[in-house]
Amino acid sequence: MPNNDLNFADKVEIAANNTKAPLNGLRVIRVFAPATVANVVCGFDVLGFAVNEPGDEVEMRLTETPGVVIKSISGDDGRLPLDAAKNTVSASVQHYLQHINRLDVGVEIKLHKKMPIGSGLGSSSASTVAGLFAINKLMGDLLSPKELVPFAMKGEELACGYGHADNVAPAILGGFVLVRSYDPLDVISLPTPAGMYAAIVYPEVDVPTKDARQMIRSKVLLKDAVTQWGNVAGLVSGLFMNDLDLIGRSMKDVLVEPTRSILIPGFEEMRTIAMENGAIGFGISGSGPSVFALAKDEETARKITKAQQQHLHKININSKAYVSSVNAQGPIVIE
Ligand code: HSE
């Protein structure tokens, strides 16, 4: 596992003449950032992709009073902290302002949670990325999307104790993303096969990422490592070669899934349902409890989620389903 103590944001070099960056004239902005499926089964902490639905929205306003404030949060049932030091959105915006040497700027944030918390769909990542994209726009696109990644990782560190990038990098860049290395950070965009859909089902049980990370073994057998890196390489090759069969063969996880899947009701049955209904591959989304399947088209993806939800209903588990093509553009300004 990559070193947990690295201060990634400190590695971003800001050009010396950026110390008094001009605002771009905008004072209010509203941004949507997408949910993400991290790991993509075999790539624990190194692979992820973004979807068009769900996602989160952040409304940001520049004020005359220096400092970052969370004005309101909707859609979270009171679960997220309003304290600016503890909230992932405000904390990462604060880091960003510190690094561009603009602590004189005042920022008010309204966070609209439009997706379930603790679902394995990169909920904290979507909020954090929306906030960083918003402040970067307000500051005149001072940093490139890739340069925002380390600041978003700070938010993940706050949310779950470890600054993993496999949600935030695809949320910022869109598409499939490989985190080739954490130190130094090396983030690579991968191609998406045309027409590919994600079929996501969220069984409504809570699995906090922090807990789901603690249950993973920290040592692995060499034979399992060999299986795993063969699959990661196979998946990446499959994306480049547009080879759905190779992608499917590679969506196997011998390291993490055997432990984590225990927390997900109906997991094996949902796998069978997905594969019998034409899925390319199936597995846990991020740290769960959401599961996802990749499908060759929308119709197949809808068939899969419908049958999986029927199964969950039978075993008395409420669920939500999202059927989406792979998000190509990352965050967008919506107002
Ligand atoms: N790679 C992270 C994990 C993703 O599996 O813990 C969390 O969404």
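Residues numbered from 1 in each chain as written. Predicted model: local features only at pLDDT ≥ 70, side-chain atom pairs only at ≥ 80, totals over all residues. Heavy atoms only, no water.

1. Focus on a nonpolar patch on the surface
Taken together, the side chains of L222, V226 and W229 define a hydrophobic patch exposed on the protein surface, amounting to about 360 Å² of accessible area. For V226, the position within the fold is in helix α6 (residues 222–241). (Patch = residues over 30% accessible without salt bridge, like charges linked within 9 Å, V, L, I, M, F, W, Y side chains within 5 Å. Areas by Shrake-Rupley, 256 points an atom, 1.4 Å probe, with all protein chains shown as cover. Salt bridge = Lys/Arg side-chain N within 4 Å of Asp/Glu carboxyl O. Helix = DSSP H or I, 4+ residues; strand = E, 2+ residues; numbered from the N terminus.)

2. Brief notes about the packing of helix α9 (residues 267–276) against helix α10 (residues 298–314)
Contact geometry of α9 with α10 gives a least axis separation of 9 Å together with a crossing angle of 150°. Classified by the interaxial angle, the pair formed by α9 and α10 is roughly antiparallel. Seen from above, α9 lies across α10 with right-handed handedness. Residues E269, M270, I273 and A274 of α9 pack against I304, A307, Q308, H311 and L312 of α10. Residues of the contact of α9 with α10, tallied by class, amount to six nonpolar, two polar and one charged. (Axes fitted to C-alpha atoms, helices over the stretch in contact; angles between N-to-C directions. Parallel < 35°, antiparallel > 145°, perpendicular 65-115°, else oblique. Left-handed = near helix turned anticlockwise from the far one by under 90°. Contact = heavy atoms within 4.5 Å. Nonpolar A, V, L, I, M, F, W, Y, C, P; charged D, E, K, R; others polar.)

3. Digging into the sheet that holds strand β8 (residues 281–284)
Taken together, four strands build an open sheet; the order of strands is β8-β9-β7-β10 and the sheet is antiparallel. Looking at strand neighbours, the two that pair on one side only are β8 and β10 (319–325), the edges of this open sheet. Each strand axis lies, on average, 15° off the axis of its neighbour in the sheet, ignoring direction. Sheet topology places β8 next to strand β9 (residues 291–295); four bridges connect them, and they run antiparallel. Counterpart to G283 in the pairing with β9 is F292. On the sheet, α9 packs against β7 (197–203), β8 and β9 and is oriented at approximately 160° with respect to β8. Of the strands in this sheet, β7, β8, β9 and β10 touch α10, which is tilted by about 15° from β7. (Pairing = 2+ DSSP bridges.)

4. Quick notes on the packing of helix α1 (residues 88–99) against helix α3 (residues 145–160)
Contact geometry of α1 with α3 gives a least axis separation of 9 Å together with a crossing angle of 140°. One finds that α1 runs oblique with respect to α3. The interaxial crossing formed by α1 with α3 has right-handed handedness. Residue-level inspection shows T88, A91, S92, H95, Y96 and H99 of α1 in contact with α3, the latter providing L148, F151, K154, G155, L158 and A159. Taken together, the residues that form the contact of α1 with α3 break down as six nonpolar, five polar and one charged.

5. Looking at unusual backbone geometry
With the exception of glycine, the majority of residues adopt a negative phi angle, and the majority of peptide bonds are in the trans configuration. Backbone torsion omega between E53 and P54 reads 0°, so that peptide bond is classified as cis. With respect to the helices and strands, P54 occurs in strand β2 (residues 47–63). Residue P289 is reached from G288 by a cis peptide bond, and omega for that bond is 5°. Mapping P289 onto the fold places it in the loop between β8 and β9.

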